[in-house]
Amino acid sequence: MNESSERRQRDPLDSSVENPSSMPTEDQPNEADAPILSAQVGESNAEVEPKPVDRKRGTVRVDYKHSLATRWMHWVNFPLLFVMIYSGILIYWADSQHEGLNAHRVYRIGIGDWTLFRFFPQWFYNNLNLKYQLAQGLAYHFFFMWFFALNGIAYVFYTFLTGEWRNLVPTRHSVTGAVHVMLHDLGLSKRPLPQQKFNDAQRIAYTGVVLMGVGSLMTGLAIYKPTQLHIITALFGGYEMARWFHFWLTLSYVGFFLIHVAQVIRAGWNNFRAMLIGYQVAPVESVKQEEVSNGQNTLGR
């Protein structure tokens, strides 16, 4: 009897000899080699599938910017101002149809009797096929001026009652801040603008346009009823000077409107959308979620 048969007789419970398939071979690793193989498999998978990169997630922040009342009065004022300017042009044209015959010559640029030029020459009206409609211009102007005035008065009262005036009225630093805004818009300054609802340039412009509205209303009343409201007419230096102030205030409105539209286009759709729906979507380029001590998540730039 050889040595292998003796071992089988002494240890009959040893099944590894009787079941040769359970014995490890070169092609079948045993359990002791499992951790090593799993590590090798992990390394091979790491070569195939790259490790996840800690990417910063892009997100947005929705800010409430304009109330419903502000948006309503803003969009009501737009067509009213257009009608007022259009009817004013009709009145102006009637005054200018006989240049040199009008003794006052209010609507012009010049000194004394010398005139550099008058606005809206004859070709302007010919190309637009405008007719002399003084009566129609006066009727439109004196009718819609009440809606224009009421909308402006409502806006002023609203800003004071809600405290919105704090975001609109310039401060003692607004002039310096407006210069910074101008340099920033021109690309001459890289210093970021302060985070506020309206920058200093907007504060000055929006407050100025409100004061222009008051001036237009007062000079308009002085022209509308120069006898009944002779005190107001006298405050502006008489009827002709009231017309002069009224005309240049209108041109200031036109200048403000052109700059305002240009700035809106420059600011983009997000700013325009805020005046439509009241909310501004502010993109946040990189946001990380960090857990604070109380277990809540905070968004940090």
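Residues numbered from 1 in each chain as written. Predicted model: local features only at pLDDT ≥ 70, side-chain atom pairs only at ≥ 80, totals over all residues. Heavy atoms only, no water.

Let's shift gears to the environment of Tyr86. Here Tyr86 is to be found in helix H4 (residues 68-96). Look at Tyr86 and you get partly exposed, because its relative accessible area is 31%. (Helix = DSSP H or I, 4+ residues; strand = E, 2+ residues; numbered from the N terminus. Buried < 20%, exposed > 50% of the residue type's maximum accessible area, 1.4 Å probe, protein only.)

Take the packing of aromatic side chains next. For the structure shown, the criterion picks out 18 aromatic pairs. Measuring from centroid to centroid gives 5.9 Å for Trp75 and Phe272, while their planes differ by 80 degrees, and the two rings are edge-to-face. Here Trp75 is found in helix H4, whereas its partner Phe272 is found in helix H12 (residues 269-277), with 197 residues between them in sequence. You can call Trp75 partly exposed: its relative accessible area is 32%. For the pair Phe142 and Tyr224, a centre-to-centre distance of 4.5 Å together with 50 degrees between the ring planes defines the contact as tilted. Taken together, the residues Phe142 in helix H6 (residues 134-162) and Tyr224 in helix H9 (residues 200-224) connect sequence positions 82 residues apart. Given a relative accessible area of 23%, Phe142 falls into the partly exposed group. These aromatic residues form a ring-pair network of at least three members: Phe236, Trp244, Phe245, Phe247 and Trp248. (Phe/Tyr/Trp six-rings, centres within 6.5 Å; stacked < 30°, edge-to-face > 60°.)

Turning to the pattern of salt bridges, a few remarks are in order. As enumerated under the stated definition, the model contains 3 salt bridges in all. Between Glu164 and Lys197 there is a salt bridge, and its shortest N-O distance comes to 2.7 Å. In this pair, Glu164 is assigned in the loop between H6 and helix H7 (165-168) and Lys197 in the loop between helix H8 (174-185) and H9, connecting sequence segments 33 residues apart. The partly exposed category is assigned to Lys197, whose relative accessible area is 28%. Between Arg243 and Glu240 there is a salt bridge, and its shortest N-O distance comes to 4.0 Å. With Arg243 and Glu240 both in helix H11 (residues 239-267) and 3 residues apart, this pair spans about one turn of that helix. Classification of Arg243 by relative accessible area gives buried; the value is 10%. On the basis of relative accessibility, which here comes to 33%, the residue Glu240 falls in the partly exposed class. (Salt bridge = Lys/Arg side-chain N within 4 Å of Asp/Glu carboxyl O.)

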